[in-house]
Amino acid sequence: MPSSSSGAATLERGRAHSQTVIRTPRLGDGARMWQIAVDSQVLDANSSYAYLLWCRDFRGTSVVAEIGGRIAGFITGYLRPQAPDVLFIWQVAVDHAFRGRGLSVTMLEHLVDSVAAQGISTLETTVSPDNEASLAMFASLARRRGARMTRQTLFEPQDFPDGHEAEDLYRIAPLTTAAREKESAVAHTSGRIIR
């Protein structure tokens, strides 16, 4: 599993210019993560116990956004046991009070930079067909990274015992850090100028 990120990213965001810290989750963040998931009324909220375990066992592949000392959002992810170079994004959530500040994108960029620096080359996630906001966020990530995004059916409604919607699997590869992507773009541009 990748080590925790090298320091918290501190960013000025939002109209109030509140300090936003993106960091790995701590055990004490689990209860707040669970509450955000429940309050979303959109996510499949796992048990509170699951979020505590996530903060302990999968903290190197997950992040939280903290604003003014309060957890405003989170992303949970894990490395697939049969494919340890693949980061699977499980949930992306932002508290209602903190929406509209670009937190989902900021957290996702931070997490991808962290795992790409550790050699993780592929991101996977599942998205229901009607979740246009999530699809747009992941497609935008792929474009910014110069990566390819593919889709395939993973789970059909009949696979679920509780009337759940279908879940399509999206793969984004290859992952690169934002810094590497900028260096590549500069080198490519420089090459064209010289010619």
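Because the structure is a prediction, the values reported are computed rather than measured. (Residues numbered from 1 in each chain as written. Predicted model: local features only at pLDDT ≥ 70, side-chain atom pairs only at ≥ 80, totals over all residues. Heavy atoms only, no water.)

What to know about the overall build of the chain
Looking only at helices and strands, one finds 5 helices and 8 strands in the chain. Split into buried and exposed, the 195 residues of the chain put 41% on the buried side. Sequence-distant contacts, at least 24 apart, represent 63% of the contacts inside the chain between residues at least 6 apart. With the model as given, the accessible surface of the chain reaches about 10600 Å², and the carbon-plus-sulfur share is 52%. (Helix = DSSP H or I, 4+ residues; strand = E, 2+ residues; numbered from the N terminus. Buried < 20%, exposed > 50% of the residue type's maximum accessible area, 1.4 Å probe, protein only. Contact = heavy atoms within 4.5 Å. Areas by Shrake-Rupley, 256 points an atom, 1.4 Å probe, with all protein chains shown as cover.)

Some points on the nonpolar core
Ile89, Leu108, Leu123, Phe138, Ile172 and Leu175 are the most contacted members of the largest nonpolar core, which has 29 residues in total. Among the elements of the structure, strand S3 (63-67), strand S4 (70-80), strand S5 (83-94), helix H3 (103-116), strand S6 (122-127), helix H4 (132-145) and strand S8 (167-173) are those that each provide at least two residues to this core. For this core, the leading source of residues is H3, giving 7 residues. Each residue touching Ile172, except ones within four places of it in the same chain, is listed here: Ser121, Thr122, Leu123, Phe138, Leu141, Ala142, Ala147, Arg148 and Met149. Judged by nonpolar contacts, the second largest core, of 9 residues, contains Tyr51, Val64, Ile71 and Ala93. (Core = buried A, V, L, I, M, F, W, Y, C linked by side-chain atoms within 4.5 Å.)

Describing the pattern of salt bridges
All chains considered together, the criterion is met by 10 salt bridges. For Glu109, the salt bridge goes to Arg144, with nearest N and O atoms at 2.5 Å. Of the two residues, Glu109 is situated in helix H3 and Arg144 in helix H4; the sequence distance between them amounts to 35 residues. Sharing partners across several salt bridges, the network here consists of Glu109, Asp113, Arg144 and Arg145. (Salt bridge = Lys/Arg side-chain N within 4 Å of Asp/Glu carboxyl O.)

With respect to the confidence of the model for the chain
Regions with low pLDDT should not have their predicted coordinates read in detail. When pLDDT is averaged across the chain, the result is 85; 82% of the residues are at 70 or more. Scored below 50 in pLDDT, residues 183-195 makes 0 contacts in the model with residues more than four places away or belonging to other chains. (pLDDT = per-residue confidence, 0-100.)

Brief notes about the side chain of Thr122
Note that Thr122 resides in strand S6. Exposure remark for Thr122: the relative accessible area of 6% places this residue in the buried category. With sequence-adjacent residues up to four places away left out, Thr122 is seen in contact with Asp85, Val86, Leu87, Arg171, Ile172, Ala173 and Leu175.

Focus on helix H2 (residues 48-57)
Two residues of an α-helix separated by three or four positions point the same way, owing to the 3.6 residues in each turn. Residues Tyr51, Trp54 and Cys55 constitute the buried set of H2. Summarising the axial view, the buried residues of H2 lie within an arc of 95 degrees, below the 170-degree limit, and thus occupy one face. Facing away from the buried side of H2 by over 90 degrees, the exposed positions are Tyr49 and Arg56. If you follow the buried residues of H2, they end up packed against helix H1 (30-40), S4 and S5. (Arc of directions from axis to C-beta.)

Focus on the packing of aromatic side chains
A full pass over the atoms with the stated rule returns 8 aromatic pairs. Each ring, one from Tyr51 and one from Phe74, has its centre 6.0 Å from the other, and the planes form 75 degrees; the classification is edge-to-face. Note that Tyr51 is positioned in helix H2 and Phe74 in strand S4, a separation of 23 residues in sequence. Summarising the burial analysis for this pair, Tyr51 and Phe74 share the class buried. Where Trp54 meets Tyr78, the ring centres are 6.3 Å apart and the plane angle is 65 degrees; that geometry is what we call edge-to-face. One end of the pair, Trp54, is in helix H2; the other, Tyr78, is in strand S4, with 24 residues separating them in the sequence. Overall, Trp54 belongs to the buried group, its relative accessible area being 13%. Among the aromatic residues, those joined into a ring-pair cluster are Trp54, Phe58, Tyr78, Phe88 and Trp90. (Phe/Tyr/Trp six-rings, centres within 6.5 Å; stacked < 30°, edge-to-face > 60°.)

Re the environment of Leu135
Take Leu135: it is sitting in helix H4. For the pair Leu135 and Tyr170, spaced 35 residues apart in sequence, the C-alpha separation works out to 8.9 Å. In contact with Leu135, other than residues within four places in its own chain, are Val127, Pro129, Met149 and Tyr170.

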